[in-house]
Amino acid sequence: MAGEPQADCLFCKIVAGEVPATVVRESQTTVAFRDINPQAPTHVLVIPKAHYPDAVSLAAAEPQLAVDLLLEAGEVAAAENIVADEAGPGTGYRVVFNTGSGAGQTVFHAHAHVLGGRGFNWPPG
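Quick caveat, the model's predicted, so the values are computed rather than measured.

Conventions used here
Residues numbered from 1 in each chain as written. Predicted model: local features only at pLDDT ≥ 70, side-chain atom pairs only at ≥ 80, totals over all residues. Heavy atoms only, no water. Disulfide = S-S within 2.5 Å. Core = buried A, V, L, I, M, F, W, Y, C linked by side-chain atoms within 4.5 Å. Buried < 20%, exposed > 50% of the residue type's maximum accessible area, 1.4 Å probe, protein only. Helix = DSSP H or I, 4+ residues; strand = E, 2+ residues; numbered from the N terminus. Contact = heavy atoms within 4.5 Å. Expected span 1.5 Å × (residues − 1). Arc of directions from axis to C-beta. Salt bridge = Lys/Arg side-chain N within 4 Å of Asp/Glu carboxyl O.

Caption draft 1: Expanded view of the state of the cysteines. Counted according to the given criterion, the structure contains zero disulfides. Looking at the unpaired C9, the closest cysteine sulfur is the one in C12, lying at 3.6 Å.

Caption draft 2: Local environment of the nonpolar core. A32, V46, Y52, L58, L65, V76 and V114 are the most contacted members of the largest nonpolar core, which totals 15 residues. Of all the secondary-structure elements, those providing two or more residues to this core are β3 (42–48) and α3 (63–79). If you tally residues by element for this core, the top one is α3, at six residues. Other than its neighbours up to four places away in sequence, L58 contacts P48, Y52, P63, L65, A66, L69 and A110. Counting residues in hydrophobic clusters, the runner-up holds nine residues, among them V31, F33, L45 and I47.

Caption draft 3: Fine view of α3. Helix length check: α3 (17 residues) gives 24 Å between terminal C-alpha atoms against 24 Å at 1.5 Å per residue, within 8%. Of the positions making up α3, those classed as buried are L65, A66, L69, E72, A73, V76 and A77. When α3 is viewed along its axis, its buried side chains cluster within an angular range of 145 degrees and face the same direction. The outward face of α3, more than 90 degrees from its buried face, is lined by the exposed residues P63, Q64 and L71.

Caption draft 4: How the structure looks around the pattern of salt bridges. The final tally for this structure, using the stated rule, is three salt bridges. The partner of E72 in a salt bridge is R25, with the nearest N and O atoms 2.4 Å apart. Here the residue E72 occupies a position in helix α3, and R25 occupies one in strand β1 (residues 23–26), the gap between them amounting to 47 residues. The shortest N-O distance in the salt bridge between R34 and E80 comes to 2.9 Å. Residue R34 is found in strand β2 (residues 30–34), and its partner E80 is found in the loop between α3 and β4 (93–96); the two are separated by 46 residues along the sequence. Residue R34 is classed as partly exposed on the basis of its relative accessible area, which comes to 33%.

Spelled out as structure tokens, the structure:
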């Protein structure tokens, strides 16, 4: 059932404390932890505690939880000192949702990648 923990989901196991993770923030509805295969100096995953296979299904079922996830991504960026400001080049961050295996999603539990600490080129991918 959507929203319920899934026994075979790595991120549900992290939420339950069954699998260790380097947690950087936790709210009532989300957990943020460092990616084990970072693609930037700052690479933190923000996940809802409830299980949804991707960001679209999360937003459709629980729009407020999707908002919580995005707000928490911003809090992570602030805590990691990667929010864009007058500090100079290299500041700022990306929030990325991969949806589907063809787009690089490997864990089918909605999650946002917060990436920063280096410059990025456009277009990505």
